[in-house]
Amino acid sequence: MSYKIGIFDSGIGGLTVLKAIQNCCPGHQIIYFGDTAKVPYGEKSSQTIQKYSVSNAEFLLSQGVDILVVACNTATAYALELLKERFQIPLVGVVAPGAKRAVELSKNRHIAVIGTKGTVSSDIYKKEIYRMDPSIKVTSQACPLFVPLVEEGWIDHPATELIIKEYLTPLLEMDIDTLLLGCTHYPLLSKAIHQHCEGKISIIDSAHACAENVKALVGNGKNGLDCTKYFVSDDPDKFRLLGKQLLNLSINELELTSG
């Protein structure tokens, strides 16, 4: 059986989840909505994030999706439970899968989580990790400049290296052994992050862990659809360009919508 998988994010970061799902779960149709008019979500209030998330979910449901993936850590933190209450459809967020993987990999029981201000303020990762293992120490760091850097395509820019150094050096001095990328934009900076960390720690990309959870629900499709349609709420040309530049995605079926 093949499913129609709906994915939403505040912008381009959720494409890391989309690509992981494409690789992990072939043969399904994917409908992606990037709310590029309102990016970043991490600076918004919880009430606003919930409002946006409900609107995004309603739009994807209008497209006939069978399963909904919240490919935004901030939206997962503040709206996933609300969406589960409101909509009778399987929902997958990005927090629990990433937290589980970090717990499995950490050996010295000290995990660092980086994310937007909204995600870090919610303490969602800390709560999820403590639920799995209360003995683990969790250190959180907001990295609000990372999302704008990605949305501008500044992946290899000298300023990006300096900002990564500013955010991550204090964490590396705290004897962490695992770094959890608590925003789906951040894997797009993973090359520079890995270089700065010099292989000293494990780095967790929650996109791949999320894709494994989706695979457990849908398996492989039977009819070989492998069809992806994209919607954005602003600047489709920039979205298409960054999708190709950052993830080598050929974004052909792309429409502008208010959601």
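Residues numbered from 1 in each chain as written. Predicted model: local features only at pLDDT ≥ 70, side-chain atom pairs only at ≥ 80, totals over all residues. Heavy atoms only, no water.

Q: Where do I start with the pairing of strand E5 (residues 110–115) in this structure?
A: On a regular strand, one side chain projects to one face of the sheet and the next to the other, so that they alternate. Judged by how many residues are buried, E5 sits mostly within the fold: six of six residues are covered. Here E5 shows a buried face lined by His-110, Ala-112 and Ile-114 and a second buried face lined by Ile-111, Val-113 and Gly-115. Bridging between E5 and strand E6 (residues 137–142) involves six bridges; their strand directions are parallel. Counted as the bridge partner of Gly-115 is Ala-142 from E6. Of the strand pairs in this sheet, E5 and strand E7 (residues 178–181) are connected by four bridges, and their pairing is parallel. Across the sheet, Ile-111 pairs through a bridge with Thr-178, a residue of E7. (Buried < 20%, exposed > 50% of the residue type's maximum accessible area, 1.4 Å probe, protein only. Helix = DSSP H or I, 4+ residues; strand = E, 2+ residues; numbered from the N terminus. Pairing = 2+ DSSP bridges.)

Q: Looking at this model, I keep getting lost on the layout of surface pockets. Mind explaining?
A: Where empty space is left in the structure can be found by rolling a water-sized probe over the atoms. For the largest pocket, the calculated volume is near 260 Å³. Around the largest pocket, the lining is made up of 18 residues, and of these Thr-76, Leu-80, Lys-84, Gly-93 and Ala-96 lie nearest the centre. The set of elements that each furnish at least two residues to the lining of the largest pocket consists of helix H3 (73–86), strand E4 (91–92), helix H4 (95–105), helix H6 (124–132) and helix H10 (206–218). With seven residues, H3 is the single largest residue contributor to the lining of the largest pocket. (1 Å grid on protein atoms, 1.4 Å probe; cavity = no way out; pocket = protein on both sides within 12 Å on 5 of 7 lines; lining within 4 Å. Points joined across faces, edges and corners; volume = space filled by probe spheres on them.)

Q: Whenever I open this one, helix H8 (residues 158–172) confuses me. Can you help?
A: Residue pairs three or four apart in sequence face the same way in an α-helix, which turns once every 3.6 residues. When the terminal C-alpha atoms of H8 are compared, their 20 Å separation across 15 residues agrees well with the 21 Å that a helix rising 1.5 Å per residue should span. Largest kink in H8: about 30°, centred on Glu-166, with the proline Pro-170 one to four residues after it. Where the residues of H8 are buried, they touch E5, E6, helix H7 (146–151), E7 and helix H9 (190–197). (Expected span 1.5 Å × (residues − 1). Bend = angle between axes of the 7 residues up to and from the residue. Contact = heavy atoms within 4.5 Å.)

Q: Can you help me understand helix H11 (residues 236–247) in this one?
A: For H11, with 12 residues, the first-to-last C-alpha span of 16 Å sits near the 16 Å given by 1.5 Å per residue. Residues Phe-239, Leu-242, Gly-243, Leu-246 and Leu-247 constitute the buried set of H11. For H11, the arc enclosing every buried residue in end-on projection is 105°, short of the 170-degree limit, so these residues lie on one face. Of the exposed residues in H11, those oriented more than 90 degrees away from the buried face are Asp-237 and Leu-241. Of the surrounding secondary structure, the elements contacted by the buried residues of H11 are helix H1 (15–24), strand E2 (29–34), H7, strand E9 (228–232) and strand E10 (254–256). (Arc of directions from axis to C-beta.)

Q: Help me understand the pattern of salt bridges in this model?
A: Two side chains that carry opposite charge are able to pair once their charged atoms sit near each other. The final tally for this structure, using the stated rule, is 11 salt bridges. Between Lys-117 and Glu-43 there is a salt bridge, with its nearest N and O atoms 4.0 Å apart. Residue Lys-117 is located in helix H5 (residues 117–122), and its partner Glu-43 is located in the loop between E2 and helix H2 (46–62); the two are separated by 74 residues in the primary sequence. For Arg-131, the salt bridge is made with Glu-128, and the minimal N-O distance between the two is 2.6 Å. Of this pair, Arg-131 and Glu-128 both sit in helix H6, three residues apart, which is roughly one turn of the helix. Counted as one network, the salt bridges with shared partners bring together Lys-100, Arg-101 and Glu-104. (Salt bridge = Lys/Arg side-chain N within 4 Å of Asp/Glu carboxyl O.)

Q: Sorry, what's going on with the sheet that holds E7 here?
A: Remark on secondary structure: sheet strands pair via backbone hydrogen bonds, oriented parallel or antiparallel. The strand order across the open sheet built from four strands is E6-E5-E7-E8, with neighbouring strands paired in parallel fashion. Unpaired on one side and paired on the other, E6 and strand E8 (202–205) mark the two borders of the sheet. For this sheet, the mean inter-axis angle between neighbouring strands, taken without regard to orientation, is 20°. Note that E7 and E8 share four bridges and pair parallel. (Axes fitted to C-alpha atoms, helices over the stretch in contact; angles between N-to-C directions.)

Q: What is the right way to look at the side chain of Asp-133 in this model?
A: Tracing the sequence through the fold places Asp-133 in the loop between H6 and E6. A distance of 2.7 Å separates polar atoms of two side chains, one belonging to Asp-133 and the other to Arg-109. (Polar contact = N/O pair within 3.5 Å; in protein donor to acceptor, adjacent residues only side chain to side chain.)

Q: How should I be thinking about the sheet that holds strand E3 (residues 67–70) in this particular structure?
A: Taken in spatial order, the six strands make up an open sheet running E4-E3-E1-E2-E9-E10, and their pairing is parallel. Only two strands of the sheet have a single neighbouring strand rather than two, namely E4 and E10. Direction of pairing for strand E1 (residues 4–9) relative to E2: parallel, over a ladder of six bridges. Considered in E2, the bridge of Ile-7 is made with Tyr-32. The strands touched by H11 within the sheet are E2, E9 and E10, with E10 carrying the most contacts at an inclination of about 150°.

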